[in-house]
Amino acid sequence: MYYQLINFGDEEFYAYPNKSLYWKRLNTLIVSDLHIGKSISYAKNKQFLPPYDTKEILNELFVSLDEIKPSNLIIVGDLLHDIFSTLSLKDQDHKNISQYMENTDFIWIKGNHDKNIQIEGFKNFTNYEIDKFLFTHIPIETPLFQICGHYHPKVKIVHRGKTIFKTSFVHNEKIFILPSFGILTGGLDINSKEISDVLGKKNLNIYPVGQDKVYKL
Amino acid sequence: MNINKSNPLLLHPLNKWMKKKKWSWFPHQIETFHHVRTGSDVVVFAPTGAGKTLTGFINPIDDLIKLKKFKGLHTLYISPLKSLANDIVRNLEKPIKELDLNISFQVRTGDITPYKKQKQKQNPPNIIITTPESLALLNSYENAKEFFHNLKYIIIDEIHTFLDNKRADLLSLNIERLQTFSPNLQRIGLSATLKNKQDAKKWLCRKKPKIISYENSVLPKIKILETKERIPWSGHMATYSINEIYKEIMKSKLTIIFVNTRAQAEYMFKNLWLINKKKLKIAVHHGSLEKNLRLKVENNLSKGLVDCVVATSSLELGLDYGDVEKIIQVGAPKGINRLLQRVGRSNHNLNTPSKAILIPTNRFEFIEAKAAIEEIKNNNLDKIDLKEGSFDVVAQHIFATACSGQFDISDLYKEIIKAYPYKKLKLNDFKQLINLIQDGGYVLKNYDQFKRIFQLRENKNIYKLVNRRETRKYRMNVGTIIENPMLRIKLGTKTLGNIEEVFIQNLSQGDSFIFAGQVLEFQSMKNNLVQVKRSKSLISKIPSYSGGRMPLSTNLANSVRTLLAKSNMRDLYPDQITEWLKRQKNISKIPKKDEYLVEQFPRKKNFYTVIYTFAGWHANQTLGFLLLRGFKEFNYKPLGFVANDYAIVLWSLKEVKEIKKILNIGLLDKHLDNYLEETSIVKRLFRDNAIISCLIERRLPGMEKTGKQVLFSSDLIYTVLKKNEPDHILLKSSYEDAKKNMIDYNRLREILKKIDKKIILKKLTSISPLAVPIILEINRENLSKKETDEYILEDLENEILKEANVLSIN
């Protein structure tokens, strides 16, 4: 898979077009905001989105796990959309997940959507520290470098009279935000107040995700 | 007694009023009265000014007087526009008040208060004047059956505007609903003159169907502006004629200038103000302007307080502006019916002709204008193509039916296929639409516990709404008109109107643009509000509005071809047009009526192929894409194409040697699916389908989703669905919509079926005079959205990389 090299906190990370991030030195794969089962939790409000999101998200994740064979998988929050989402995980899905768990540690950092939900085999954390890095769903006050999710960043690009929005990896000197790994999840403009409050407006490194490639702005 | 027999209207309650006004009954009014009285459903065709509104009410008023103090709803009047509904009320009020008749009537549209609506439901008037959407809402209430069970007449005004779109589908379903509630219901349609009157009859009438027709013998006086200026090869803004247009405005008391797009309206308005030395009162009117601004212009127009209004189709229908002396049509007429409708806006007196001047904005348009004038003389109108009804509208109707109470699906199916657009609706498709409303209709059964409607255990044919809260959702989402994502423009605290989000996204703070006839500076955007201030800037952008483009009608295209083939050019055209065509004749050829001219020539480093199809721009656009694929297959290395109403030009690296092998019916079968897949046409229509069928909501109670969010999530849904369930009913529905509307499939098919025997191929050494206009239009990239996105990203990255290299060298 084609990747974009990103330097953050004096470490090298690979950003993949499927919106996962790989920390090669520690053989660790990082994903965020999968929002598994979003469709089923919308269905309870009679919004009948196609019920294929769970299947597609898991397939994409399994492809990455097959290819990279990481020792750790860190999910920086919102693995599930809500308590109804567990309904969309079938027996076969649980079986598949258990198989991958034999070679990979599944580290589940809880987000605002999945705080009180348990799935067998996952190790649950509110945040997780490795070296000088803190993995957390929403950034907190800390001297450590932080890798987080929550915001689903996208960037607005105006070029030659055309405007497009692209899902992006983005970081400043101390905080790295992953894009959402989900498929029915929307995005939030990097210039929005919510993201600016966290990252500031200046010296941002933005990596829009294209079809088969992660770009660098 | 004899007289009364020949004209039974002399005994009608309104006769006294007619006499007082010194008016006499029209023959079509007498006929209508007779046929409706004897139980016919009728469609009445008559020009403006021939008492159409009154014609509709003749029988209801007669009945109501005879019935004496009839309680409850008796007649429903459906108007295409809210503003027209109010106008109808004013017209109905006059005779009823003056004669002191005991008949109650009220308007019911989205504009009236919930309190009034509630009162109306409890104590309905004899006559309700409403719109198709409000009727759909009425039918969704729990007491709909009791409310309508005594309904005697439904009158459909301007029925010609209802025949070929999704609103027509919605209306047709709701008329059948009413017929079920009240089996004695009779239908009365009122229409402008149409070519295919039989189709309108089939669409509306069930009982003893009858066409009643009244033709005006006075023809309008239409001419093309005689200009001293040079008519440009290409372009759409008519800048060359602005001084002459101004002179024409000065000559008449009140003029309406019709243009084809909102952008043209703003541009024309601005240019007129720049030369307005006599301080004429000129106003602008189009659909994006705030309602109050529009009403103000309409008021001033009817009171004669302005000298000229620049308008789009927003002023085409309805209201009677008696004092309009002259119509100026800027740009191609595009269709004969449309031109007649516009010309008819001047001079509502039947005995004096309407006056109009046509301003072609380029040379092809001159020929088109000339052809349109000929056809109006020959009374050769456009046909309105009735289309098969869309699936998404049925889905919405199923939801509405569920809101009004539990229903039997076989009864509902039987009722729906009585509606003309749905005669051929298959039971299997209908069942899929039931499933769509039930839980999204997916093959994967994930939502069993979350259904919206459910089957009764004791009778599997009966469906019922899961809970009453859902009715609210239906009511927030009723209707078939889906607008592009729009943002509201605020100048200070005043709202000026709506503008497309896409346009605003491309603006930076400080950029200026023209809207509502003013030059405005973009300041900020927050919560769907665009804040602007007045600007003195001379350079300004004109907002673009997508979807405003109408294709040339088949009928008019044929007459353009006929006209073009005529050899007596000097009698037909001014010298500059004659010269242009003569040179074409010498260098290449002017195609005969049934010939398809194809010109090929080298230009710069590329090879050009121009095909004159006169197929209208939808069909030409599609043909261009298909040819691009065909050229690729033959390895001619095509680079791009541009299409307009008349022709297509493609350019390629290699000479296209075997055009006849590519340009034939096989092209359509081979590449159409790929084309639909690659362009965003189906995806865009999927959004409309998902909203109309209530799969996704355009509005949630209490909060308005922005257009952007709707667009975004529908794109995701489309992608997921396409991949996992390509046979889903909504994908099928979007694909059918694309074929019907966006790509002019049938028209293209008709042309391609016969084209290979009629191609006249001309190999030239350089560009021909006829090809100049379309070559001038080559300025856009023709990449699909996906390709464009990647292209922008790549290009931007390269630029930045270059910049970075320069910096490091320094």
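Residues numbered from 1 in each chain as written. Chains lettered and ligands numbered in written order. Predicted model: local features only at pLDDT ≥ 70, side-chain atom pairs only at ≥ 80, totals over all residues.

**Student:** Is there a simple way to explain the overall build of chain A in this structure?
**Tutor:** For chain A, the helix and strand inventory stands at four helices and 15 strands. By the compact-globule yardstick of 17 Å for 217 residues, chain A fits well, its C-alpha radius of gyration being 17 Å. Taken over the C-alpha atoms alone, chain A extends approximately 45 × 40 × 35 Å along its principal axes. Here chain A holds 217 residues, and the buried ones make up 45% of them. (Helix = DSSP H or I, 4+ residues; strand = E, 2+ residues; numbered from the N terminus. Rg over C-alpha atoms; globule rule 2.2 N^0.38 Å. Buried ≥ 20, exposed ≤ 12 C-beta atoms within 10 Å, placed from the backbone.)

**Student:** When you look at the overall build of chain B in this model, what are you seeing that I'm missing?
**Tutor:** Within chain B, the regular secondary structure consists of 32 helices and 28 strands. Expected size for 810 residues packed as a compact globule is a radius of gyration near 28 Å; at 28 Å, chain B falls within 12% of this value. Principal-axis analysis of the C-alpha atoms places the extent of chain B at approximately 90 × 70 × 60 Å. Residue pairs in contact within chain B that sit at least 24 positions apart in sequence constitute 74% of those at least 6 positions apart. (Contact = placed C-beta atoms within 7 Å.)

**Student:** Even after reading the chapter, I still don't get the nonpolar core, so can you show me in this structure?
**Tutor:** As a rule of thumb, nonpolar side chains are buried together in soluble globular proteins. One finds B:Ile257, B:Val310, B:Leu433 and B:Val649 to be the most contacted residues of the largest nonpolar core, which totals 263 residues. Setting aside residues up to four positions removed in sequence, B:Leu433 forms contacts with B:Phe391, B:Val394, B:Ala395, B:Ile398 and B:Ile729. (Core = buried A, V, L, I, M, F, W, Y, C linked by C-beta atoms within 7 Å.)

**Student:** Can you walk me through the environment of B:Leu289 in this structure?
**Tutor:** Residues and elements named next belong to chain B. Within the fold, Leu 289 resides in the loop between β10 (282-285) and α13 (291-302). The exposure class of Leu 289 is buried, given the 24 C-beta atoms found within 10 Å. Between the C-alpha atoms of Leu 289 and Arg 342, which are 53 residues apart in sequence, the distance is 20 Å. Once residues within four sequence positions are removed from consideration, Leu 289 is found in contact with Arg 294, Gly 497 and Ala 516.

**Student:** Explain the sheet that holds strand β5 (residues 153-156) of chain B here, please?
**Tutor:** The strands that make up a sheet pair up through hydrogen bonds in the backbone, lying either parallel or antiparallel. Residue and element names in this part refer to chain B. Strands sit in the order β3-β4-β2-β5-β6-β1-β7 across an open sheet of seven strands; the sheet is parallel. In the strand order of this sheet, the two ends are held by β3 (105-108) and β7 (210-213), each with one partner. Here the strands of the sheet are splayed against their neighbours by 15° on average, with no regard to which way each runs. In terms of strand pairing, strand β2 (residues 75-78) meets β5 through four bridges, oriented parallel. (Pairing = 2+ DSSP bridges. Axes fitted to C-alpha atoms, helices over the stretch in contact; angles between N-to-C directions.)

**Student:** Is there a simple way to explain helix α26 (residues 666-678) of chain B in this structure?
**Tutor:** For an α-helix, 3.6 residues make a turn, and residues three or four places apart therefore share a direction. Residues and elements named next belong to chain B. For α26, built from 13 residues, the straight-helix expectation of 18 Å at 1.5 Å per residue is met to within 8% by its first-to-last C-alpha distance of 19 Å. The largest bend in α26 amounts to roughly 45° and is located at Leu 672. Inspection of α26 places Leu 667, His 671, Leu 672, Tyr 675 and Leu 676 among the buried residues, and these make up the whole buried set. In this structure, the buried side of α26 is in contact with α24 (617-633), α25 (659-662), α27 (681-692), α29 (729-742) and α30 (745-755). (Expected span 1.5 Å × (residues − 1). Bend = angle between axes of the 7 residues up to and from the residue.)

**Student:** Explain the sheet that holds strand β11 (residues 308-311) of chain B to me, please; I cannot follow it from the model alone.
**Tutor:** Residue and element names in this part refer to chain B. The six strands lie next to each other as β8-β13-β12-β9-β11-β10, forming an open sheet whose pairing is parallel. Of all the strands in the sheet, just β8 (221-224) and β10 have a single pairing partner and so form its edges. Pairs of neighbouring strands in the sheet enclose a mean axial angle of 20°, with direction left out of account. In this sheet, β11 lies alongside β10 in parallel orientation, the contact comprising four bridges. Note on β11: the bridge partner recorded for His 285 is Ala 311. Of the strands in this sheet, β9 (255-258), β10, β11 and β12 (326-330) are in contact with helix α12 (residues 262-274), which crosses β10 at around 170°. Where helix α14 (residues 336-343) meets the sheet, its contacts fall on β8, β9, β12 and β13 (355-359), and the angle it forms with β12 comes to roughly 145°.

**Student:** When you look at the packing of helix α7 (residues 132-139) of chain B against helix α9 (residues 166-181) of chain B in this model, what are you seeing that I'm missing?
**Tutor:** The angle between the axes and the distance between the axes are what describe a pair of packed helices. All names here are of chain B. Running from amino to carboxyl end, α7 crosses α9 at an angle of 40°, the nearest separation of the two axes being 10 Å. Between α7 and α9, the crossing angle belongs to the class labelled oblique. Judged by the sense of rotation from one axis to the other, the crossing of α7 with α9 is left-handed. Residues Pro 132, Leu 135, Ala 136 and Asn 139 of α7 pack against Arg 167, Leu 170, Leu 171, Asn 174 and Arg 177 of α9. When grouped by side-chain class, the residues that make up the contact of α7 with α9 number five nonpolar, two polar and two charged. (Parallel < 35°, antiparallel > 145°, perpendicular 65-115°, else oblique. Left-handed = near helix turned anticlockwise from the far one by under 90°. Nonpolar A, V, L, I, M, F, W, Y, C, P; charged D, E, K, R; others polar.)

**Student:** Whenever I open this one, the domain arrangement of chain B confuses me. Can you help?
**Tutor:** How big an interface is tends to be expressed through the accessible area that disappears when the partners come together. All names here are of chain B. For chain B, the assigned domains read domain 1 (26-213), domain 2 (221-377), domain 3 (391-480 + 683-738), domain 4 (486-534) and domain 5 (555-663 + 756-779). The distance between the C-alpha centroids of domain 1 and domain 2 comes to 32 Å. The partner domain 2 presents eight residues to the twelve residues of domain 1 that form the contact. Taken together, the residues of the side of domain 1 that touches domain 2 break down into six nonpolar, four polar and two charged. (Domains from an automatic or database assignment.)

**Student:** Could you clarify how one ought to interpret the environment of B:Gln198 in this entry?
**Tutor:** All names here are of chain B. Relative to the helices and strands, Gln 198 is located in helix α10 (residues 197-204). Looking at Gln 198, the number of C-beta atoms within 10 Å reads 12, which means it is exposed. For Gln 198 and Asn 498, which are 300 residues apart along the polypeptide, the C-alpha to C-alpha distance reads 39 Å.

**Student:** Got a minute to help me understand unusual backbone geometry in this structure?
**Tutor:** Glycine aside, negative phi is the norm for most residues, and most peptide bonds take the trans geometry. Residues other than glycine seldom take positive phi values, yet A:Asp10 does so here, at roughly 60°. Mapped onto the fold, A:Asp10 is located in the loop between β1 (4-8) and β2 (11-15). For B:Lys208, which is not glycine, the phi torsion reads 35° and is therefore positive. Checked against the element boundaries, B:Lys208 lands in the loop between α10 and β7. Taking the number of C-beta atoms within 10 Å as the measure of exposure, B:Lys208 has 13 and is therefore partly exposed.

**Student:** Mind showing me how you'd approach the confidence of the model for chain B here?
**Tutor:** Note: predicted coordinates in regions of low pLDDT should not be interpreted at a detailed level. Residue and element names in this part refer to chain B. Confidence in the prediction for chain B averages 87 pLDDT; 91% of positions are at 70 or higher. pLDDT under 50 marks residues 804-810. Its contacts with residues more than four places away, or in other chains, come to zero contacts. Here the predicted complex carries an ipTM of 0.88, next to a pTM of 0.88. (pLDDT = per-residue confidence, 0-100.)

**Student:** Would you mind showing me how to read α9(B) here?
**Tutor:** With 16 residues, α9(B) should cover 22 Å at 1.5 Å per step; its first-to-last C-alpha distance of 23 Å lies within 8% of that length. Burial analysis of α9(B) places 13 of its 16 residues in the buried class, which makes it a mostly covered element.

**Student:** Looking at this structure, I do not really get the environment of A:Arg25. What am I missing?
**Tutor:** All names here are of chain A. Assignment of secondary structure puts Arg 25 in the loop between β3 (21-23) and β4 (28-31). Since 9 C-beta atoms lie within 10 Å of it, Arg 25 is described here as exposed. Taking the C-alpha atoms as reference points, Arg 25 and Glu 102, 77 residues apart in sequence, are found 21 Å from one another.

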